[in-house]
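As a plain string of letters, each chain reads:
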2 protein chains.
Amino acid sequence: MAGALVGVKPTPILEEELDIVIPTIRNLDFLEMWRPFFEPYHLIIVQDGDPSRTIKVPDGFDYELYNRNDINRILGPKASCISFKDSACRCFGYLVSKKKYIFTIDDDCFVAKDPSGKEINALEQHIKNLLNPSTPLFFNTLYDPYREGADFVRGYPFSLREGVPTAVSHGLWLNIPDYDAPTQLAKPLERNTRFVDAVLTIPKGTLFPMCGMNLAFNRELIGPAMYFGLMGDGQPIGRYDDMWAGWCMKVICDHLGYGVKTGLPYIWHSKASNPFVNLKKEYNGIFWQEELIPFFQSAVLTKECTTVQQCYIELSKQVKAKLGKIDPYFLKLADAMVTWVEAWDELNGKVDVDQQ
Amino acid sequence: MAGALVGVKPTPILEEELDIVIPTIRNLDFLEMWRPFFEPYHLIIVQDGDPSRTIKVPDGFDYELYNRNDINRILGPKASCISFKDSACRCFGYLVSKKKYIFTIDDDCFVAKDPSGKEINALEQHIKNLLNPSTPLFFNTLYDPYREGADFVRGYPFSLREGVPTAVSHGLWLNIPDYDAPTQLAKPLERNTRFVDAVLTIPKGTLFPMCGMNLAFNRELIGPAMYFGLMGDGQPIGRYDDMWAGWCMKVICDHLGYGVKTGLPYIWHSKASNPFVNLKKEYNGIFWQEELIPFFQSAVLTKECTTVQQCYIELSKQVKAKLGKIDPYFLKLADAMVTWVEAWDELNGKVDVDQQ
């Protein structure tokens, strides 16, 4: 419908400004289906697990691949902040990217179709979401007011219609929904078949569960807050990497005045992970999140925090002070948050010097 | 899709517990199209404008009709709180209803069709929205978690999955969108053609522009807050009746722990009102809303306010103290808010005594 309108601006593809980050333990055959959409872009592949294994990437893609040995070599002792045997390792890709935008996707995610049967260019929709402002200060009942065929409704203050810069675009999933292990166990056959044709801004002050399966963000605006935590091998928790990043990121976006969108685009999530394995990974998180949510809901950053790094370091102090008593894990995580920011500044600062 | 699922509970029609409130100045021919859906219900028609005019209601509907003479007779001096020559008069219908639920609809709204071409039973969807809980404390990315085929996603705290009671269900409009006069003037041809298949809870602490065209609420939970203000004849403002009610109601729902939903159901809004006339009505509101929104965003009700009436009286005091300086109109409005609550208690209190 919208496509039929005259004068709708085409979405730039930003092939020089966006990296696609993919964490994986297997050959990347899934890229074949994405070829028409991903081929113009540079891929950053973060190989998890056994570094001696060779991951095959289909011909014709422009990519760099990092395994655990590469991560250790590049980060030295700071490599301790990058998780192993958990998709949390993907954030290493954010660190080494030099681009303005990141799109990250799981290797069990395929191209979805819209209700008319047309294949969805997920990346194009993410770019649209990121290039258009967000509206976190007041809710618009017709959803994204910047979309073709939509606008701000009656009663929406005119002073808020410019919106704020968008930092994050959170896409959704058809077929296998992103459920936790208990819900997976209770509803093994549930599939998400509902295509909701909407993009909306998550209001200021509201937290949400951010999933890393189909996610894009403005690395310049919010990159240092997109740390996926300590998960997997040697840690008492897994599958909370994206949640952790989402809660930290949202508190910081709210403080700095950036927007976070959720909704379109959909990808096709092909297979459910094993709920029994998931339960083992999530077990602690299911308890801990009951205390994490009130913590993040009440977290306040001081006016002195004007950069993402400053916000993130301040948040790490609050994690140590307030969550450390739940479990010593959070003391370790708070330290890793600091290490992450140091690594970010080291790698990204170095580049600035090189480029001069 | 959802309809094909086994074991989905049918939605009760609640014909003994719900009144349909319609403000109008013309014959209610529009009811013909709604007949299959509205005939089981009792209608409360609030006739605006010249009371000597006769409004025709199609045969077969069970209704009571009130014109201005009736309002004056029933409320006496308190009738001053009910607007004249503005659809704000509809709230008189909420006052005289004795039912638990209210659905209110404008007489230029018709039955919409879903993308499959099926006529939408708007009232059934509103009832569904009102009978299922809301989730204002944390955002669920798959929208209404209580809907068939959906649930809470990974990372949603289990302690919040019971939700809270739903007070309000705000439905949307296909065809003519609910734009203000400046937007109508700028985009005379814009039509809403996007069917967004979602219901979502407006998060706690977030305000939205509530439209009275297609609206349902739990009168027992929130009725006394659904006052549509002083608009129209003799007032410096019009077309802000539903906005005013929405902002007051949302602050009170947030305080008392009730939920507000928006999204489905759609109705078909047939014709745009005259943007020049609208501009004249809205003119002051467009300025004033810039101060009203910050006022409502920062309004705090004390713990002592445990009933809707107490909350509303407290809010009226804050309106008088903080908005009175914008324009003397708000002093008058604050007084009318008190009169409204007195009228509510008088009419609804009396019933309690009669029933004993």
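Note that this is a predicted model, so its numbers are computed, not measured. (Residues numbered from 1 in each chain as written. Chains lettered and ligands numbered in written order. Predicted model: local features only at pLDDT ≥ 70, side-chain atom pairs only at ≥ 80, totals over all residues. Heavy atoms only, no water.)

Undergrad: What is the right way to read the overall build of chain A from this model?
TA: Of the regular secondary structure elements, chain A holds ten helices and nine strands. Against the 2.2 N^0.38 benchmark of 21 Å for 356 residues, chain A shows a C-alpha radius of gyration of 20 Å, consistent with a compact globule. Dimensions of chain A, computed from C-alpha atoms along their principal axes, come out at roughly 55 × 55 × 50 Å. Burial statistics for chain A: of 356 residues in total, 60% are counted as buried. (Helix = DSSP H or I, 4+ residues; strand = E, 2+ residues; numbered from the N terminus. Rg over C-alpha atoms; globule rule 2.2 N^0.38 Å. Buried < 20%, exposed > 50% of the residue type's maximum accessible area, 1.4 Å probe, protein only.)

Undergrad: Got a minute to help me understand the environment of B:Asp29 in this structure?
TA: Residue and element names in this part refer to chain B. Among the structural elements, Asp-29 can be located in the loop between strand S1 (18–24) and helix H1 (31–38). You can call Asp-29 exposed: its relative accessible area is 56%. Along the chain, Asp-29 and Val-57 lie 28 residues apart, while their C-alpha atoms are 7.0 Å from each other.

Undergrad: What is the right way to look at the packing of helix H7 (residues 241–256) of chain A against helix H9 (residues 308–323) of chain A in this model?
TA: For any two helices packed against each other, one specifies the inter-axial angle together with the distance between the axes. All names here are of chain A. Viewed as axis vectors pointing N to C, H7 and H9 meet at an angle of 125 degrees, and their least axial separation amounts to 10 Å. One way to sum up the angle between H7 and H9 is to call them oblique. As for how H7 packs across H9, the hand of that crossing is right-handed. Of H9, the residues touching H7 (which contributes Trp-244, Cys-248, Val-251, Ile-252, His-255 and Leu-256) are Val-308, Cys-311, Tyr-312, Leu-315, Val-319 and Leu-323. (Axes fitted to C-alpha atoms, helices over the stretch in contact; angles between N-to-C directions. Parallel < 35°, antiparallel > 145°, perpendicular 65-115°, else oblique. Left-handed = near helix turned anticlockwise from the far one by under 90°. Contact = heavy atoms within 4.5 Å.)

Undergrad: Help me out: how do you make sense of the interface of chain A and chain B in this one?
TA: Many analyses report the size of an interface as the accessible area lost when the parts associate. Residue-level contacts link 63 residues of chain A with 63 residues of chain B. In this assembly, chain A packs against chain B so that about 5200 Å² is buried in total across both faces, 57% of it on carbon and sulfur atoms. At the junction of chain A with chain B, the criterion picks out ten salt bridges. Across the pair A:Asp197 and B:Arg194 runs a salt bridge, and its minimum N-O distance is 3.6 Å. Secondary-structure elements contributing two or more residues to the side of chain A that touches chain B are strand S6 (166–175), helix H5 (181–186), H7, strand S9 (259–269) and helix H8 (275–298) of chain A. The biggest single contributor to the side of chain A that touches chain B is H8(A), with six residues. The residue inventory of the side of chain A that touches chain B, partitioned by class, reads 33 nonpolar, 13 polar and 17 charged. (Buried area = accessible area lost by both parts, 1.4 Å probe. Salt bridge = Lys/Arg side-chain N within 4 Å of Asp/Glu carboxyl O. Nonpolar A, V, L, I, M, F, W, Y, C, P; charged D, E, K, R; others polar.)

Undergrad: For this particular structure, what's the right way to read the relation of the copies chain A and chain B?
TA: Taken together, a rotation about one axis and a shift along it account for how the two chain copies relate. Here chain A sits on chain B after a turn of 180 degrees about the axis and a move of 0.0 Å along it, with an RMSD of 0.0 Å. The relationship between the two copies is best expressed as a two-fold rotation axis. Within chain A, the C-alpha atom positioned nearest to the axis of rotation is that of A:Val196, 2.8 Å from it. In this assembly, 100% of the residues forming the interface of chain A have copies in chain B that are likewise at the interface, indicating an isologous arrangement. (Least-squares fit on C-alpha atoms with pLDDT ≥ 70 in both.)

Undergrad: Got a minute to help me understand the UniProt feature "glycosylation site" (unreviewed entry) in chain A in this structure?
TA: According to UniProt, the feature "glycosylation site" (unreviewed entry) maps to A:Arg154 in the numbering used here. Looking at the secondary structure, you find A:Arg154 in the loop between helix H4 (122–131) and S6. Excluding anything up to four places from it in sequence, A:Arg154 contacts B:Asp178, B:Tyr179, B:Asp180, B:Pro209, B:Cys211, B:Arg239, B:Asp242, B:Met243 and B:Glu282. (UniProt positions renumbered as here; feature names shortened; annotations may be inferred.)

Undergrad: Would you explain the pairing of S9(A) in this entry?
TA: Side chains on a regular strand alternate between the two faces of the sheet. Residues and elements named next belong to chain A. The buried fraction of S9 is high, at ten of eleven residues. Where strand S5 (residues 109–110) and S9 come together, two bridges link them in antiparallel fashion. When the sheet's bridge partners are listed, Phe-110 is paired in S9 with Trp-268. In terms of strand pairing, S6 meets S9 through nine bridges, oriented parallel. Note that in S9 the partner of Gly-171 across the bridge is Gly-263. Direction of pairing for strand S7 (residues 199–201) relative to S9: antiparallel, over a ladder of three bridges. Bridging from a neighbouring strand, Thr-201 pairs with Lys-261 of S9. (Pairing = 2+ DSSP bridges.)

Undergrad: So what exactly am I meant to see when it comes to the nonpolar core here?
TA: Grouped burial of nonpolar side chains is what soluble globular proteins tend to show. In terms of nonpolar packing, the biggest core is built from 243 residues, with A:Ile222, A:Trp244, B:Ile222 and B:Trp244 touching the most fellow members. Look past the residues within four positions of A:Trp244 in its chain and what remains in contact with it is A:Tyr227, A:Gly229, A:Leu292, A:Phe296, A:Tyr312, A:Val319, A:Leu323, A:Phe330, A:Leu333 and A:Met337. (Core = buried A, V, L, I, M, F, W, Y, C linked by side-chain atoms within 4.5 Å.)

Undergrad: Please clarify how the UniProt feature "site: Required for activity" (unreviewed entry) in chain A should be interpreted in this entry.
TA: All names here are of chain A. According to UniProt, the positions carrying the feature "site: Required for activity" (unreviewed entry) are Arg-154 and Arg-161. Under the relative-accessibility criterion, Arg-154 is labelled buried at 4%. On the secondary structure map, Arg-161 appears in the loop between H4 and S6. By relative accessible area, Arg-161 is classed as buried at 11%.

Undergrad: Would you mind showing me how to read the pattern of salt bridges here?
TA: Between side chains of opposite charge, a pair can form as their charged atoms come close. With the rule as written, the count across this model stands at 34 salt bridges over all chains. Two residues, A:Lys187 and B:Asp151, come together in a salt bridge whose shortest N-O distance is 2.7 Å. Placement of the pair is A:Lys187 in the loop between H5 and S7 and B:Asp151 in the loop between helix H4 (122–131) and strand S6 (166–175), with the two residues belonging to separate chains. According to the relative accessible area criterion, B:Asp151 is buried, its value standing at 14%. Its salt-bridge partner being B:Lys187, residue B:Glu190 comes within 3.3 Å of it at the nearest N-O pair. A relative accessible area of 15% places B:Glu190 in the buried class. Among the charged side chains, a salt-bridge network with shared partners connects A:Glu32, A:Arg35 and A:Glu39.

Undergrad: What should I look at first to understand H4(B) in this one?
TA: For an α-helix, the turn length of 3.6 residues means that residues three or four places apart are oriented alike. Counting buried positions over the ten residues of H4(B) gives seven, a clear majority of the element. For H4(B), the complete set of buried residues consists of B:Ala122, B:Leu123, B:Gln125, B:His126, B:Ile127, B:Asn129 and B:Leu130.

Undergrad: Where do I start with the side chain of A:Asn214 in this structure?
TA: Position of A:Asn214 relative to the elements: it lies in strand S8 (residues 214–218). Residue classification places A:Asn214 among the buried residues on the basis of a relative accessible area of 0%.

Undergrad: Just to check I follow, could you spell out the environment of B:Thr135 for this structure?
TA: Position of B:Thr135 relative to the elements: it lies in the loop between H4 and S6. Judged by its relative accessible area of 9%, B:Thr135 is buried.

Undergrad: So what exactly am I meant to see when it comes to the side chain of B:Asp48 here?
TA: Residue and element names in this part refer to chain B. Considering the arrangement of structural elements, one finds Asp-48 in the loop between strand S2 (42–47) and strand S3 (62–66). Put simply, Asp-48 is tucked away with no salt bridge, and the nearest opposite charge, on Arg-68, sits 6.0 Å away. Engagement of the side chain of Asp-48 in a polar contact is seen with the backbone nitrogen of Lys-85, the distance being 2.8 Å. Those residues in contact with Asp-48 that lie beyond four places of it in its chain are Thr-24, Ile-25, Phe-84, Lys-85, Asp-86, Ser-87 and Cys-89. (Lys, Arg positive; Asp, Glu negative; His and termini not counted. Polar contact = N/O pair within 3.5 Å; in protein donor to acceptor, adjacent residues only side chain to side chain.)

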